[in-house]
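Understanding the architecture of this molecule
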Amino acid sequence: MIYFVGAGSGAPDLITVRGARLLGQADVIVYAGSLVNPALLDYKKEGCAVYDSAKMTLEQVIAVMAPAAKAGKTVVRLHTGDPCVYGAHREQMDELDRLGLAYEVCPGVSSFCGAAAALRAEYTLPGVSQTVILTRMEGRTPVPEREQIEALAAHGATMVLFLSAGMLDKLAARLIAGGYAPDTPAAIVYKATWPDEKVVRTTVAELAEAAAREGITKTALITVGGFLGDAYERSRLYDPSFSTGLREASR
Ligand code: SAH
C-alpha cells in the first residue's frame, strides 16, 4: 500500500497520529526534502529506505514507489503541509491508477492553518470576511486568466498567498490595483510552526519592504485582509440572544 501523508507545516509533532503511525510502519519513505522538516524522519523504523523527492522527477518517484508497493511493502509519500494544495500528488495518483496500485491519502495541517495559528488569527471574522482565497502569483506554473490577483483581490476577502514571497513588489501592486487599500493589513509568516518561525505584520503597500528588512524571500505565506485588523462583529453562534439547534437563547 502507498500512503500520501501530509507532514504538517513544520513542527514534527504537528503530524497527525495516523501519519506518524504510517511513518513508523513504512518500509520506504519518499519525502519532499525542500519543505518537510527532516525531524519527521525520526518516526521511521530501522531499515526503512528514505528518498528525497526534491532531487527526483515524477518518473523517478514512481520508479521507487511502484516496485516497493508491488513487493508488498508499505510506502509513505510524505508531502509538506497537506498534499491537497500545491502538492502535485494528483499526477502521482493517476500514475498509480494506471499501474493498478492502491493508495490512500492521510491529511495534514496545511501551512495556511499553521500561519493562522502563528498569527493567532481567525480568517473568517463576521462583518469582515467569510471567505478565504488560497492562491499564488504565477511563476513557472501559470495561473488561469480568470484567477489573476487583481480579479481575486476585487472581492476584498481574506487572501492567503502561497509561493509568492519572492515577488512582493509585483504582488502588492496587483493587490492594490484589484481594490485593496494600500493600508490594508497584511502579514508575512515565514516557516510557520518551525523553530525559526517569523511573523511580520505590515500593510499591503509595505509588504516588499518588510520582507526585505527581515530577509524573507521564500518559505513564507502572505496573508492579506481586514481579519488582521481590530474590528469585527461577535459570532451569532455564541451570542446569548440567539438560539441554536443545541442551545436556547438566554436573553
Ligand atoms: N502543501 C503545502 C504547500 C506547498 S507549496 C501546504 O499545505 O502548506 C509551498 C509553499 O507553501 C511555500 O512556497 C510557502 O509559500 C508555503 N509554505 C509551506 N510551508 C510553509 C510554512 N511552514 N510557513 C509558511 N509558508 C509555508
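Before going into details, it helps to say that this report is about the structure given with it. Quick caveat, the model's predicted, so the values are computed rather than measured.

What counts and how
Residues numbered from 1 in each chain as written. Predicted model: local features only at pLDDT ≥ 70, side-chain atom pairs only at ≥ 80, totals over all residues. Heavy atoms only, no water. Helix = DSSP H or I, 4+ residues; strand = E, 2+ residues; numbered from the N terminus. Buried < 20%, exposed > 50% of the residue type's maximum accessible area, 1.4 Å probe, protein only. Contact = heavy atoms within 4.5 Å. Areas by Shrake-Rupley, 256 points an atom, 1.4 Å probe, with all protein chains shown as cover. Lys, Arg positive; Asp, Glu negative; His and termini not counted. Charge placed at Lys NZ, Arg CZ, Asp CG, Glu CD. Pairing = 2+ DSSP bridges. Axes fitted to C-alpha atoms, helices over the stretch in contact; angles between N-to-C directions. Salt bridge = Lys/Arg side-chain N within 4 Å of Asp/Glu carboxyl O. Near = heavy atom within 4 Å. Polar contact = N/O pair within 3.5 Å; in protein donor to acceptor, adjacent residues only side chain to side chain. 1 Å grid on protein atoms, 1.4 Å probe; cavity = no way out; pocket = protein on both sides within 12 Å on 5 of 7 lines; lining within 4 Å. Sits in = over half its atoms within 2 Å of the grid points. Nonpolar A, V, L, I, M, F, W, Y, C, P; charged D, E, K, R; others polar. Core = buried A, V, L, I, M, F, W, Y, C linked by side-chain atoms within 4.5 Å. Parallel < 35°, antiparallel > 145°, perpendicular 65-115°, else oblique. Left-handed = near helix turned anticlockwise from the far one by under 90°.

So, on to the overall build of the protein chain. If you tally the helices and strands in the protein chain, you get seven helices and 10 strands. The proportion of buried residues among the 251 residues of the protein chain is 45%. Within the protein chain, residue pairs in contact and separated by at least 24 positions form 65% of the contacts whose partners lie at least 6 positions apart. Summed over its atoms, the accessible surface of the protein chain is roughly 13100 Å², and 52% of this surface lies on carbon and sulfur atoms. The protein chain carries 25 positive and 28 negative side-chain charges, and their two centres are separated by 4 Å.

Pairing in this open sheet of five strands is parallel, and the strands run β3-β2-β4-β1-β5 from one edge to the other. Each edge of the sheet is formed by a strand with only one pairing partner; in this case those strands are β3 (49–52) and β5 (103–106). If you compare each strand with its neighbour and ignore which way they point, the axes differ by 20° on average. Summarising the sheet, strand β1 (residues 2–6) and β5 pair through four bridges and their orientation is parallel. Bridge pairing in β5 places Tyr3 opposite Glu104.

The next subject is the pattern of salt bridges. Enumeration over the complete set of coordinates arrives at eight salt bridges. The salt bridge partner of Lys55 is Asp52, with a shortest N-O separation of 3.6 Å. Its relative accessible area of 72% is what places Lys55 among the exposed residues. Residue Asp52 is classed as buried on the basis of its relative accessible area, which comes to 18%. In this structure, the salt-bridge partner of Glu209 is Arg213, at a minimum N-O distance of 4.0 Å. One end of the pair, Glu209, and the other, Arg213, are both in helix α7 (residues 207–214), four residues apart, so they sit about a helical turn from each other. The exposure classification of Glu209 matches that of Arg213, with both residues exposed.

In this section: the site of the ligand. Among the 18 residues in the neighbourhood of the ligand, the closest are listed as Ser9, Val85, Ser111, Ala192 and Ala220. A distance of 2.8 Å separates a nitrogen atom of the ligand from a polar atom in the backbone of Val85. Interatomic distance of 2.8 Å between a side-chain N/O atom of Ser110 and an oxygen atom of the ligand. Considering the ligand on its own, with 540 Å² of exposed area, one finds that the protein chains cover 94% of that surface. The cavity where the ligand resides is the largest pocket. For the shell around the ligand, the residue count by class is 10 nonpolar, six polar and two charged.

A few words now on unusual backbone geometry. Trans peptide bonds make up the majority, and among non-glycine residues the majority have a negative phi. Non-glycine residue Tyr86 carries a positive phi angle of around 55°. The residue Tyr86 is located in the loop between β4 (75–79) and α3 (90–99) in this model.

This paragraph deals with the nonpolar core. In this structure, Met159, Leu171, Leu175, Ile188, Ile222 and Val224 are the most contacted members of the largest nonpolar core, which totals 25 residues. For this core, the secondary-structure elements that each account for two or more residues are α5 (149–153), β7 (158–162), α6 (168–178), β8 (185–190), α7 and β10 (220–224). Counting residues per element, this core draws most heavily on α6, which supplies four residues. Beyond its immediate sequence surroundings of up to four residues, Leu171 is in contact with Met137, Ile149, Leu161 and Ile222. In terms of nonpolar packing, the next biggest core, distinct from the first, is built from 18 residues, Val5, Tyr31, Val36 and Cys48 among them.

Before going further, it helps to examine the packing of α6 against α7. At a minimum axis distance of 8 Å, the contact between α6 and α7 shows a crossing angle of 155°. By the angle class used here, α6 and α7 are roughly antiparallel. For the crossing formed where α6 meets α7, the hand is right-handed. Taking contact as the criterion, the partners of Leu168, Asp169 and Leu175 in α6 are, on α7, Leu207, Ala208 and Ala211. The residue makeup of the contact of α6 with α7, split by class, is five nonpolar, no polar and one charged.

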